[in-house]
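Each chain, written out:
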Amino acid sequence: MKTDPRTAPGASSTTAREDDQSDNAPDDLTDNFIEEIIEADLRAGKHGGHIVTRFPPEPNGCLHIGHAKAICLNFSLAAKYNGQCNLRFDDTNPTTEDTDFVEAIKEDVHWLGFDWKDKEFFASGYFPKLYDFARTLINTGHAYVDSQSLAEIRENRGNYYKPGIESPYRDRSVAENLDLFTRMRAGEFDEGAHVLRAKIDMQSSDILMRDPLLYRIHKTPHHRTGTEWPIYPMYDFAHGLSDSIERVTHSICTLEFQNNRPLYNWFLETLDVPHKPQQIEFARLNLTSTVLSKRVLQRLVHENHVTGWNDPRMPTLSGLRRRGYTPEAIRAFCDTIGVARRDGRIELALLEHTIREHLNATSPRVMSVLRPLRLVIENYPEGNTDFFTCPVNPEDPAAGTHEVPFSRVLYVERDDFLEDPPKKWFRLTPGREVRLRYACLVTCKEAIKDPNTGEIVELRCEWDPASRGGASPDGRKVRGTIHWVSAAHAFDAEVRLYDRLFAVDNPLAEEHGNDLASVLNPDSLEVLTGCKLAPSLKTTQPGTRLQFERLGYFCADTLDSTPGHPVFNRTIGLRDSWAKIAQKQSKTKQAGRR
RNA sequence: UCGGGGGUGGUGUAAUUGGCAACACACGUGGUUCUGGUCCACGCAUUGGGGGUUCGAGUCCUCCCUCCCGAGCCA
């Protein structure tokens, strides 16, 4: 599932694939083992040369980046082989599902860039057909109504080492089963009174084959069928048959369903349905420093560790979207991680790389100061304003230029000044000349301190008028270039700095117990107010993505921005090799002290 | 003590199906640079272990080790 070169990040600079004629020739190279299976099936004429996949979310939570892997896989496969990918909501459990999630899921899949056309289905839409299938199973002696209690069923199922014991109700007559099941459907019984079970083999070494449940009684109204059905089919019964009804050819699911495959096939064979899909399992996505379990994500929301499913720290698609991630980057990520049957854990750094790669190629640059420090240019005329020309994006000359106002009083980043700097420090320090990006060269003459606190409150500098525009007039070396904003023109805004949600690689590892609070990163969110933003940002539309030069990529928040008052979320910082150098220096320093 | 599925650098995925272990990320070193960004160059694994077949094994056979999933009226 290679990303389409026309939409791939950085496509404008890489034309190799597009120029490659062989790219249009039949691709004899498969990207993964699933494509090998599909191509073998196609060669064998198994499905009349047509494939159908499906993405089957349960509408009981929001989609996350792990789902994105499944979405990209299923839709890309369909696209590659000229097939179709259906969207099917697996809504067989009314107690946990909600129509709000249905809408949210549809929005997320579309946002990711995929379209299911008119092939939008609901397992609940098949309830009548599934009910008929169940009656057929009863009629052919393959299913029975069990009236044991939940505890008895569990007890008699046995365990890994002990076979199960047959239910005393197992040999009820077809007529009695039919009567009971009809009355279950009519709502005559309380929850738990009866269940419908397949009659397979209580001795089976595969526990799933020990007379699995087909239907249970639920009196909870369903988000789509209301109170029409008091009984609901179980996953195993509903899923494969839904696939069959939709004529899905390749039913792709995650590894934990490997155990269910024999049962999946049992239904197809026992009912001898005309279309038999093939279930194929692949390894779900795991990412370091986060969790991709719907249950745990739900806990984060409910225990208020985050502000909601769309908190920018969440690995949900809505969270990533709000954070500033692009669908292109997520697709590129899914493309890069590959598909296999081996369980693993992808480093979050790879996701961060793909978003940087895309944003680097596409984001307009702008200078803003997050932690402002006043800088006064003593030899620059008071009340004067210059305008300097900056490229919108040095990676993309076609993006053009824009004018930035400059004056005597500026703000620069507090982090860019050090009174007593370490070695290899190129930025501001007394007596040092640095470049104000795209503007001029300035030399720091003095740092003014608050007489009481000793805090540095202002830098007094002199500029070299001959360096107007930022060039070095005589070719002298100026290693440091810093960003700035004109104090008189800048405006104040809130900026949120996000970092990884968890402080540990694998938050769900046993060693951490079940205590989310203990593994969360306490610095996952830092809210900065009074940031001095470039005047051009005043009217930023929510959702706009920009690079704040030297700082990182930011996105105007879609929820909290108001007209004239944008709030920015940091998507991801720029790579910071100075931070590495500084860290190394402090380490050697510490080592020296010991 | 059972059944199913896996083990290739720090991470993930490949290897024309028995023929020089490749690509990306990460990391390290150096270079370029008006973003300590980007970009460029170089470095970084003999495939879980033993035995076997073979001219030749990551790929085949065999024994062992190890990890994941499975005992919901969840999906």
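Residues numbered from 1 in each chain as written. Chains lettered and ligands numbered in written order. Predicted model: local features only at pLDDT ≥ 70, side-chain atom pairs only at ≥ 80, totals over all residues. Heavy atoms only, no water.

Details of the overall build of chain A
Next, step 1: In terms of helices and strands, chain A carries 15 helices and 24 strands.
Next, step 2: Its C-alpha atoms give chain A principal-axis dimensions of about 100 × 60 × 50 Å.
Next, step 3: Residues counted as buried form 51% of the 594 residues belonging to chain A.
Next, step 4: In chain A, the share of contacts with a sequence separation of at least 24, taken over all contacts with a separation of at least 6, comes to 71%.
Next, step 5: Of the roughly 27600 Å² that chain A leaves accessible, carbon and sulfur atoms contribute 48%.
Next, step 6: Taken together, the 75 basic and 86 acidic charged side chains of chain A have centroids lying 4 Å from each other. (Helix = DSSP H or I, 4+ residues; strand = E, 2+ residues; numbered from the N terminus. Buried < 20%, exposed > 50% of the residue type's maximum accessible area, 1.4 Å probe, protein only. Contact = heavy atoms within 4.5 Å. Areas by Shrake-Rupley, 256 points an atom, 1.4 Å probe, with all protein chains shown as cover. Lys, Arg positive; Asp, Glu negative; His and termini not counted. Charge placed at Lys NZ, Arg CZ, Asp CG, Glu CD.)

Structural notes on the environment of threonine 182
Next, step 1: With respect to the helices and strands, the residue threonine 182 is situated in helix H7 (residues 174–185).
Next, step 2: For threonine 182, a relative accessible area of 35% gives the class partly exposed.
Next, step 3: The spatial distance from the C-alpha of threonine 182 to the C-alpha of tyrosine 131 is 9.8 Å, given a sequence separation of 51 residues.
Next, step 4: Sequence-distant contacts of threonine 182, defined by excluding residues within four places in its chain, comprise Tyr131 and Arg135.
Next, step 5: Polar side-chain contacts of threonine 182 include one of 2.6 Å to the backbone oxygen of leucine 178. (Polar contact = N/O pair within 3.5 Å; in protein donor to acceptor, adjacent residues only side chain to side chain.)

Considerations on empty space enclosed by the protein
Next, step 1: All told, the structure shown has two cavities of 30 Å³ or more when counted by the stated rule.
Next, step 2: Looking at the largest cavity, it is lined by 18 residues, and the ones nearest its centre are Arg313, Leu320, Arg323, Leu348 and Leu351.
Next, step 3: Looking at the lining of the largest cavity, the elements that each hand over two or more residues are helix H11 (317–323) and helix H13 (348–362).
Next, step 4: Estimates place the volume of the second largest cavity at around 30 Å³. (1 Å grid on protein atoms, 1.4 Å probe; cavity = no way out; pocket = protein on both sides within 12 Å on 5 of 7 lines; lining within 4 Å. Points joined across faces, edges and corners; volume = space filled by probe spheres on them.)

Some words on the sheet that holds strand S16 (residues 440–449)
Next, step 1: Read from one edge to the other, the open sheet built from seven strands follows the order S18-S15-S16-S17-S11-S14-S19, with strand pairing classed as mixed. Each edge of the open sheet is held by one strand with a lone partner, namely strand S18 (481–482) and strand S19 (484–486).
Next, step 2: Pairing of S16 with strand S17 (residues 456–463) involves seven bridges; the strand directions are antiparallel. Counterpart to isoleucine 448 in the pairing with S17 is glutamate 458. (Pairing = 2+ DSSP bridges.)

Comments concerning the confidence of the model for chain A
Next, step 1: Within chain A, residue pLDDT values average 93, and 95% of them lie at 70 or more.
Next, step 2: Contacts from residues 1–27, a stretch scored under 50 in pLDDT, to residues over four places away or in other chains number 30 contacts.
Next, step 3: In the model output, the complex is listed with pTM 0.94 alongside ipTM 0.97. (pLDDT = per-residue confidence, 0-100.)

Let's talk about the protein's contact with RNA strand B
Next, step 1: Taken together, 68 residues form the shell around RNA strand B, and within it Arg342, Arg365, Arg427, Gly469 and Arg550 come nearest.
Next, step 2: Each atom of RNA strand B within 4 Å of the protein belongs either to a base or to sugar and phosphate, the latter forming 56%.
Next, step 3: A distance of 3.1 Å separates a sugar or linking oxygen of RNA strand B from a polar side-chain atom of glutamine 258.
Next, step 4: Asparagine 360 is positioned such that a nitrogen or oxygen atom in its side chain is 3.3 Å from a sugar or linking oxygen of RNA strand B.
Next, step 5: Those elements that place two or more of their residues in the surface near RNA strand B are helix H6 (150–156), strand S6 (213–217), H13 and helix H15 (577–593).
Next, step 6: In terms of residues, the surface near RNA strand B owes the most to one element, H15, which gives five residues.
Next, step 7: Tallied by class, residues from the surface near RNA strand B come to 24 nonpolar, 20 polar and 24 charged. (Near = heavy atom within 4 Å. Nonpolar A, V, L, I, M, F, W, Y, C, P; charged D, E, K, R; others polar.)

Some points on helix H8 (residues 235–245)
Next, step 1: Across the 11 residues that make up H8, a large majority, nine, are buried.
Next, step 2: Where H8 terminates, the next one or two residues include arginine 247, which has phi positive at roughly 55°.

Thoughts on the state of the cysteines
Next, step 1: According to the stated counting rule, one finds zero disulfides in the structure shown.
Next, step 2: Cysteine 334 supplies the cysteine sulfur nearest to cysteine 62, a cysteine that is in no disulfide, at a spacing of 17 Å.
Next, step 3: Using a relative accessible area of 9% as the deciding quantity, one classes cysteine 62 as buried.
Next, step 4: Take cysteine 334: it sits in no disulfide, and the sulfur closest to it among the cysteines is that of cysteine 72, at 3.8 Å. (Disulfide = S-S within 2.5 Å.)

A few points about the pattern of salt bridges
Next, step 1: Across all of its chains, the model carries 43 salt bridges by this definition.
Next, step 2: When the shortest N-O distance is used, the salt bridge between arginine 476 and glutamate 433 registers 2.8 Å. Taken as a pair, arginine 476 in the loop between S17 and S18 and glutamate 433 in strand S15 (residues 433–436) lie far apart in primary sequence, 43 residues in all.
Next, step 3: Judged by relative accessible area, arginine 476 falls into the partly exposed class, the value being 27%.
Next, step 4: Measuring nitrogen to oxygen at the nearest pair gives 2.5 Å for the salt bridge that ties arginine 460 to glutamate 458. (Salt bridge = Lys/Arg side-chain N within 4 Å of Asp/Glu carboxyl O.)

Description of the environment of histidine 110
Next, step 1: You can see histidine 110 is positioned in helix H4 (residues 99–112).
Next, step 2: The class of histidine 110 is partly exposed, set by a relative accessible area of 44%.
Next, step 3: Once you skip the residues sitting within four places of it in the chain, histidine 110 turns out to touch Asp115 and Trp116.

With respect to the side chain of histidine 218
Next, step 1: Mapped onto the elements, histidine 218 comes out in the loop between S6 and strand S7 (231–233).
Next, step 2: Not counting the four nearest positions on each side in its chain, histidine 218 is found in contact with Asn93, Pro94, Thr95, Glu191, Trp229, Pro230, Ile231 and Tyr232.

Let's talk about the pairing of strand S5 (residues 195–198)
Next, step 1: Here S5 shows two buried faces, one formed by Val195 and Arg197 and the other by Leu196 and Ala198.
Next, step 2: Alignment of strand S4 (residues 143–146) against S5, held across four bridges, turns out to be antiparallel. If you follow alanine 143 over to S5, its bridge partner there is alanine 198.

Observations regarding the packing of aromatic side chains
Next, step 1: Under the criterion given, the structure shown has 21 aromatic pairs.
Next, step 2: Ring centres of tyrosine 160 and tyrosine 161 lie 6.1 Å apart, and the angle between their planes is 90°; on these two criteria the pair is classed as edge-to-face. The exposure classification of tyrosine 160 matches that of tyrosine 161, with both residues exposed.
Next, step 3: Each member of the aromatic cluster is reached from another via a ring pair, and the members are Phe127, Tyr131, Phe181, Tyr215, Trp229, Tyr232, Phe237, Trp266 and Phe267.
Next, step 4: We note arginine 224 situated over the ring of phenylalanine 122; from NZ or CZ to the ring centre the distance is 3.5 Å.
Next, step 5: One Lys or Arg, arginine 321, reaches over the ring of tryptophan 111 and ends 5.1 Å from the middle of that ring. (Phe/Tyr/Trp six-rings, centres within 6.5 Å; stacked < 30°, edge-to-face > 60°. Lys NZ or Arg CZ within 6 Å of the ring centre and 35° of its normal.)

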